[in-house]
Amino acid sequence: MRGVKTLAICATSIFLVGLDTTIVNVALPSIGRDLGLATADLEWTIDAYTLVLASLLISSGALADRIGRRRVFRLGLVLFAIGSVACALAPSIGVLVAARAIQGVGGSMLSPVALAIVVSVITDPRERAQAIGVWAAVFGLSMAAGPVLGGLLVAGSGWRLVFWANLPIIAIVLVLTARYVPESRAPKPRRLDVPGQLLLIVLVGATVAVLIEGPRLGWSSPALLLGYAVIAAAAVAFARVETRRAEPLMDLRLFRRAPFAAAAGGAVAVFVALNVTLLLGTLYLQQARGLDPLAAGLVTLPMAIGATVCAPLSGRLVGRVGARLPLQVAGVCIAIGGFLLVGIGDATAMPVLLMAYLFAGIGVGFANAPITNTAVSGLPPERAGVAGGITSTARQVGAALGVALAGGIVARSGTADGLLSGEATRPGWILVAVCGAVVLAAAQASPRSSSGPDGKRNTSWRAVRAHRL
């Protein structure tokens, strides 16, 4: 019974983390009108959250293993609540972006830590596998359901309610955590890699900043040239530091393995596609089609359904036939979703839009389990955790890049009234289709079956149960 309660508590926290990654998309036009900004100027309200979340995931997990998972989990909830209040009260874009960054810090303490808590409490292998299946479904639902719930809240009482709504959920989770969640630590916690962490923040932050500001400032402007130099220097320094540390933030040697490198690239591609689809789609529906936030959110409902239904199906399929087939299904479906929208216009039939969202959701739902399985395939358990953490980071980096790239498309639309036309979104749908092709390519490096060369069940699937997200 304790395991079920712990799973419910932790799954609620991951729902919040995933939800706040995408729920703001549908609120951007309302935020822009309230703060007197164009929608293209609001990308940082999304990327400030995903960038910080991506950068701190691994360090937050290591910190929790060292000082206590429940302690860090509760701290993450408090920081998430503080960030949510600051977002709801934000009088300007600067305050809103800073508050979203605070939310990202809190979210980084919830996502990996909550999963570690579940794994430590539920020790039976069969029950743990079922728990992780629920976890994957909740995570997929939260990401895809963001626009639907966001539209409902914005239509009801405005964009600030999107952030106020977090508080009662956080309060309940805090109370239940104090009562039902036991404290736990790793037997041999990893050391914190402060230099590597700082360099990763600079590297990811500079890359996202260049993509966001490039269309406005010009790709050859002095600021962008400085940005390129910062990215190059940070990348070289990060590689140098990480290869010389006994316990690096990221074990870069893993990227020498083709399956791992393909899995990391596939994770980035999936979440680029997801976030381009959600951001461009919700803006297109509101600005080109004139839908209100609630109606725009409801159009994305097939994506939420596809992701939720297919996530557990993908996990079972990976366990039976290996990662390659479900990853191929994911790539094909994402590509179809993009291709269906390449010819989009301001009067495209609604069934076409609904079908495109459904295919995209199916693709996202089928992608998570095989990506992590590919990443940890053939690794010993002590390295599987590191590989799982890196692929989780790759997902959030993909989310940040997707928002930045979609924002660049919005910035380049250049319409006199500032509205995004259907034709202007076409480069985004081509990008989504390309991401599907990247996922298909990653599938070729995935395990062919769930059995190893000796005919025994592949231990990588056992590892993925504990590190799927």
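Parameters and conventions
Residues numbered from 1 in each chain as written. Predicted model: local features only at pLDDT ≥ 70, side-chain atom pairs only at ≥ 80, totals over all residues. Heavy atoms only, no water. Helix = DSSP H or I, 4+ residues; strand = E, 2+ residues; numbered from the N terminus. Buried < 20%, exposed > 50% of the residue type's maximum accessible area, 1.4 Å probe, protein only. Contact = heavy atoms within 4.5 Å. Areas by Shrake-Rupley, 256 points an atom, 1.4 Å probe, with all protein chains shown as cover. Axes fitted to C-alpha atoms, helices over the stretch in contact; angles between N-to-C directions. Parallel < 35°, antiparallel > 145°, perpendicular 65-115°, else oblique. Left-handed = near helix turned anticlockwise from the far one by under 90°. Nonpolar A, V, L, I, M, F, W, Y, C, P; charged D, E, K, R; others polar. Phe/Tyr/Trp six-rings, centres within 6.5 Å; stacked < 30°, edge-to-face > 60°. Salt bridge = Lys/Arg side-chain N within 4 Å of Asp/Glu carboxyl O. Core = buried A, V, L, I, M, F, W, Y, C linked by side-chain atoms within 4.5 Å. Expected span 1.5 Å × (residues − 1). 1 Å grid on protein atoms, 1.4 Å probe; cavity = no way out; pocket = protein on both sides within 12 Å on 5 of 7 lines; lining within 4 Å. Points joined across faces, edges and corners; volume = space filled by probe spheres on them.

Chemist: Where do I start with the overall build of the protein chain in this structure?
Modeler: Of regular secondary structure, the protein chain possesses 19 helices and zero strands. Within the span of the protein chain, comprising 469 residues, buried residues form 56% of the whole. Within the protein chain, residue pairs in contact and separated by at least 24 positions form 85% of the contacts whose partners lie at least 6 positions apart. For the protein chain, the computed accessible surface area is about 17500 Å², with 67% contributed by carbon and sulfur atoms.

Chemist: How should the packing of helix α15 (residues 324–342) against helix α18 (residues 426–443) be read in this particular structure?
Modeler: When two helices pack together, you describe them by how their axes are tilted relative to each other and by the distance separating the axes. Contact geometry of α15 with α18 gives a least axis separation of 7 Å together with a crossing angle of 165°. In terms of their interaxial angle, α15 and α18 are classed as roughly antiparallel. Here the hand of the crossing between α15 and α18 comes out left-handed. Contacts from Arg324, Leu327, Gln328, Ala330, Gly331, Val332, Ile334, Ala335, Gly338, Phe339, Leu341 and Val342 in α15 reach Arg426, Trp429, Ile430, Val432, Ala433, Gly436, Val439, Leu440, Ala442 and Ala443 in α18. Classifying every residue of the contact of α15 with α18 by side-chain character gives 16 nonpolar, four polar and two charged.

Chemist: Where do I start with the packing of aromatic side chains in this structure?
Modeler: Here a ring pair, both rings aromatic, is described through the centre-centre distance and the interplanar angle of the planes. Tallying each qualifying case throughout the model produces three aromatic pairs. Ring geometry for Trp159 versus Phe163: centroids 6.2 Å apart, planes at 85°, classification edge-to-face. Take Trp159: its relative accessible area is 5%, and that puts it in the buried class. Using a relative accessible area of 1% as the deciding quantity, one classes Phe163 as buried. Each ring, one from Phe255 and one from Phe260, has its centre 5.0 Å from the other, and the planes form 80°; the classification is edge-to-face.

Chemist: Can you help me understand the pattern of salt bridges in this one?
Modeler: Two side chains with opposite charge may pair up if their charged atoms get near one another. Scanning the model with the defined rule gives seven salt bridges in all. Note that Arg100 is salt-bridged to Asp20, the shortest N-O span being 3.9 Å. With Arg100 in helix α5 (residues 93–108) and Asp20 in helix α1 (residues 2–22), the pair connects residues that are 80 residues apart, well separated along the chain. Judged by relative accessible area, which is 0%, Arg100 ranks as buried.

Chemist: I keep staring at the environment of Phe271 and nothing clicks. Help me out?
Modeler: Its place among the elements puts Phe271 in helix α12 (residues 258–287). Along the sequence, Phe271 and Ala394 sit 123 residues apart, while their C-alpha atoms lie 8.7 Å from each other. Phe271 has contacts with Phe139, Met143, Asn368, Arg395, Gly398 and Ala399, leaving out every residue within four places of it along the chain.

Chemist: Could you clarify how one ought to interpret the nonpolar core in this entry?
Modeler: Where a protein is soluble and globular, its nonpolar side chains tend to be buried together. Counting 119 residues, the largest nonpolar core has Leu28, Ile31, Phe73, Leu96, Trp135, Val208 and Val270 as the members making the most contacts within it. Broken down by element, this core gets its largest block of residues, 17 residues, from α12. In this structure, Val210, Leu224, Ile231 and Ala234 belong to the second largest nonpolar core, which totals six residues.

Chemist: Hey, could you run me through the environment of Val434 in this one?
Modeler: Structurally, the position occupied by Val434 is in helix α18. Since its relative accessible area comes to 45%, Val434 is described here as partly exposed. Taking the C-alpha atoms as reference points, Val434 and Ile334, 100 residues apart in sequence, are found 8.9 Å from one another.

Chemist: I keep staring at α15 and nothing clicks. Help me out?
Modeler: Think of an α-helix as turning once every 3.6 residues; residues three or four places apart then point the same way. With 19 residues, α15 should cover 27 Å at 1.5 Å per step; its first-to-last C-alpha distance of 27 Å lies within 8% of that length. Looking at α15, one finds that the buried residues are Arg324, Pro326, Leu327, Ala330, Gly331, Cys333, Ile334, Ala335, Gly337, Gly338 and Leu341.

Chemist: How should I be thinking about empty space enclosed by the protein in this particular structure?
Modeler: Here the idea is plain: a probe the size of a water molecule rolls over the atoms and shows the empty space left. Considering all chains together, one arrives at four cavities of 30 Å³ or more under this definition. Together, Ile58, Ser59, Ala62, Arg190, Arg191, Leu192, Asp193, Pro248 and Leu249 line the second largest cavity. For the lining of the second largest cavity, the per-class residue count stands at five nonpolar, one polar and three charged.

Chemist: Looking at this model, I keep getting lost on helix α14 (residues 301–321). Mind explaining?
Modeler: For α14, with 21 residues, the first-to-last C-alpha span of 30 Å sits near the 30 Å given by 1.5 Å per residue. Along α14, the positions that sit buried rather than exposed are Pro302, Met303, Ala304, Gly306, Ala307, Cys310, Ala311, Ser314, Gly315, Val318 and Gly319. Gly322 sits one or two positions beyond α14 and adopts a positive phi of about 95°.

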